[in-house]
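Structural characterization, general
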Amino acid sequence: MEGLAKDLICLRAAKELKPGMYVNLGIGLPTQVANFTPQGVILHSENGVLGFGPIASEEQMDWELVNAGAQPITLLPGISFFHSIDAFVMMRGRHLDVAILGTYQVSETGDLANWRMEGEALGAIGGSMDLAYGAKRIIVICEHTDRNGKPRIVMQCTLPLTAKGVVNTIITSLCVIEITKKGLELRELAPGISTDYVQQLTEPKLIISQDLKEMEF
Amino acid sequence: MRAQLDTGKSPAVNKIVATVSEAVADIFDGAVVGIGGFGAAGTPYRLILALAERKVKELTVVATSPRQFEFLIQSGSVRKAITPFARYADPSVPNPLREPYLKGEIEVEVLPIGNLVERLRAAAAGIPAFYCPVGIDTVVAEGKEKRAFGEQECILEHALPLDFALIKGHKGDRLGNLIYRMTARCHNPVMAMAARVTIAEVDEIIEVGELNPEAIITPGIFVHKVVKAEKPPLDWVYKGVVQKARKT
């Protein structure tokens, strides 16, 4: 499939983050956004850490300093550690400005399904339901289609839900979509990608923004 | 007036035990056992291995992910797992729970981490149940009492008391006061509070009075046994290599 490499999806997602924001990066692709976040963004992870730096190199690695995806991370001045109750108070209690999450499916009305894949016996809920409920804004980042080439952006999720009606923005390998009361608004296209191409690979009918533009990084 | 530390009068309590085997000796068949840690960080591997070696049966294990209690799955000690990551976060990594689950040998309850830790906190705090909005419209809500508060539908979540908690501290004293190291803190303090008997594996045992009272994270009232244990070999910490450690 055409479209952005994963690093560029993360780079585009990082542009949504501003200094002073408290942000959680979900397990999987979103954790890599940490490598592109502007200075001053304060990263939270549900295993009890706030204000950490980029993913650690092999020399920097300490296995007792990790993110929720068990990736080694780095210390920054002002970092704090706390236990799980406090970590989830920050999430459930609406203290986080943004959560960036991966997904298997997202629906026209912002339903999120990101903890169990098709045909899987067991899944991984982790902190995804807590974040989906509690973060003030949910940005989903993913490849535009799944590994079988089927749309991830669907009329209705067929996979088990994480939460209903929570997603605000979808950033994929092809485009940026805002979920509005009227439906899915196509705001940006990846370089070289056409509106028709995105529509072909998206189940719901897209509303084309009057300000539709090419993605900038 | 200034508060002064009176060095002569610390309580004559000693929660230190000599070995990890001794520390887990009272854990009985059918017990509900919480395991601290999130991924490898904060996981009391030495206690888990000592428990697996005892071949206790029918445990209900409460832990973040199967990576942490793989030793107990292999020893056939687990009847039920209560875990937010019923598989590894990365679905391509082999899952030790999958086969026993499909064979019906291990029952699995998968739940949001926040609901899990709040259920533990409720048990610790003497609160039998609470309403929680997380999990509504999902499998987590199935079979649970629901109630709306304003616009928000919630599910009734019950306290989850533990018979035993196995936790990992960084430094501890004979009174059971503990501090942790970086993200190895995670679930350990709440597991400690939720259990009737909390057993802490620590990197270092220090004298009473050495810990800064302002910095103690888990006060000794929540801790019943403290044992010094070697840090686990790094290869236990990484996925897949836990299996290698087992074969030798």
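Summarised in this report is the structure supplied together with it. Since the model is a prediction, treat every value here as computed from it, not as a measurement.

1. Describing the overall build of chain A
When its secondary structure is counted, chain A shows four helices and 13 strands. Taken over C-alpha atoms, the radius of gyration comes to 17 Å for chain A, in line with the 17 Å a tight globule of 217 residues would show. Taking the principal axes of the C-alpha coordinates as reference, chain A spans close to 45 × 35 × 30 Å. Counting over 217 residues, chain A shows a buried share of 50%.

2. Considerations on the overall build of chain B
Scanning chain B for helices and strands turns up eight helices and 11 strands. Taking 248 residues into account, the globule formula puts the C-alpha radius of gyration at 18 Å, and chain B, at 19 Å, falls close to it. When its C-alpha atoms are laid out on the principal axes, chain B stretches across 55 × 55 × 30 Å. Across the 248 residues of chain B, 49% fall into the buried class. Expressed as a percentage of contacts within chain B between residues at least 6 apart in sequence, the contacts between residues at least 24 apart total 70%.

3. What about helix α1 (residues 6–14) of chain A?
Residues lying three or four places apart along an α-helix face the same way, a consequence of the helix completing one turn every 3.6 residues. Of all the residues in α1 of chain A, the buried ones are Ile9, Cys10, Arg12, Ala13 and Ala14 of chain A. In this fold, the buried residues of α1 of chain A make contact with β5 (98–101), β8 (137–142) and β10 (169–172) of chain A.

4. What to know about the pairing of strand β11 (residues 175–180) of chain A
Here is the key point about a regular strand: its side chains alternate between the two faces of the sheet. Residues and elements named next belong to chain A. Across three bridges, the pairing between β10 and β11 is antiparallel. Looking across to β11, one finds that Ile171 is bridged to Val176. Linkage of β10 to β11, two consecutive antiparallel strands, is achieved through a turn of two residues.

5. What about the pairing of strand β1 (residues 22–25) of chain A?
All names here are of chain A. Note that β1 and strand β2 (residues 42–45) share three bridges and pair parallel. Paired with Asn24 across the two strands is His44, which belongs to β2. Examined bridge by bridge, β1 and β5 share three bridges and lie parallel to one another. Considered in β5, the bridge of Val23 is made with Val98.

6. Digging into unusual backbone geometry
Most peptide bonds take the trans configuration, and most residues that are not glycine carry a negative phi. All names here are of chain A. At Arg94, a residue that is not glycine, the phi angle is positive and equals roughly 65°. Take Arg94: it is sitting in the loop between α2 (84–92) and β5. Of the residues examined, Arg94 has 12 C-beta atoms within 10 Å and is grouped as exposed.

7. Regarding the sheet that holds strand β6 (residues 146–149) of chain B
All names here are of chain B. Strand order in the open sheet formed by three strands is β5-β7-β6, with antiparallel pairing between adjacent strands. In this open sheet, the two strands that pair with only one neighbour each are β5 (129–132) and β6. Each strand of the sheet is rotated relative to its neighbour by a mean of 35°, with strand direction disregarded. Bridge count between β6 and strand β7 (residues 152–158): four bridges; the pairing is antiparallel. Pairing of Ala148 across the sheet is with Glu153, part of β7.

8. A closer look at the environment of Ala23 of chain B
Residue and element names in this part refer to chain B. You can see Ala23 is positioned in helix α1 (residues 20–23). Taking the C-alpha atoms as reference points, Ala23 and Glu201, separated by 178 residues in sequence, lie 9.0 Å from one another. When neighbours within four sequence positions are excluded, Ala23 is seen to be in contact with Val17, Leu47, Ile199, Lys225 and Val227.

9. A few points about helix α5 (residues 113–125) of chain B
The first and last C-alpha atoms of α5 of chain B sit 18 Å apart over 13 residues, in line with the 18 Å expected at 1.5 Å per residue. With respect to burial, α5 of chain B is a largely interior element, 12 of its 13 residues being buried. Turning to α5 of chain B, its buried residues are Ile113, Gly114, Asn115, Leu116, Val117, Glu118, Arg119, Leu120, Arg121, Ala122, Ala123 and Ala124 of chain B. Contacts made by the buried residues of α5 of chain B are with α2 and α3 (128–134) of chain A together with β1 (32–35), β5, β7 and α6 (188–194) of chain B.

10. Side note on the environment of Glu214 of chain A
Residues and elements named next belong to chain A. When you line up the elements, Glu214 lands in strand β13 (residues 206–214). Taking the C-beta count within 10 Å as the criterion, Glu214 has 10 such neighbours and is therefore assigned exposed. Placed 22 residues apart in sequence, Glu214 and Gly192 show a C-alpha to C-alpha distance of 8.7 Å.

11. Comments concerning the nonpolar core
Note that soluble globular proteins tend to have their nonpolar side chains buried in a common cluster. With 142 residues, the main nonpolar core has Val140 of chain A together with Ile48, Val61, Ala165 and Ala194 of chain B as its most contacted residues. When residues no more than four places from it in sequence are discounted, the contact partners of Val61 of chain B are Val33, Ile35, Phe69, Leu72, Val78 and Ala81 of chain B.

The rules we used
Residues numbered from 1 in each chain as written. Chains lettered and ligands numbered in written order. Predicted model: local features only at pLDDT ≥ 70, side-chain atom pairs only at ≥ 80, totals over all residues. Helix = DSSP H or I, 4+ residues; strand = E, 2+ residues; numbered from the N terminus. Rg over C-alpha atoms; globule rule 2.2 N^0.38 Å. Buried ≥ 20, exposed ≤ 12 C-beta atoms within 10 Å, placed from the backbone. Contact = placed C-beta atoms within 7 Å. Pairing = 2+ DSSP bridges. Axes fitted to C-alpha atoms, helices over the stretch in contact; angles between N-to-C directions. Expected span 1.5 Å × (residues − 1). Core = buried A, V, L, I, M, F, W, Y, C linked by C-beta atoms within 7 Å.

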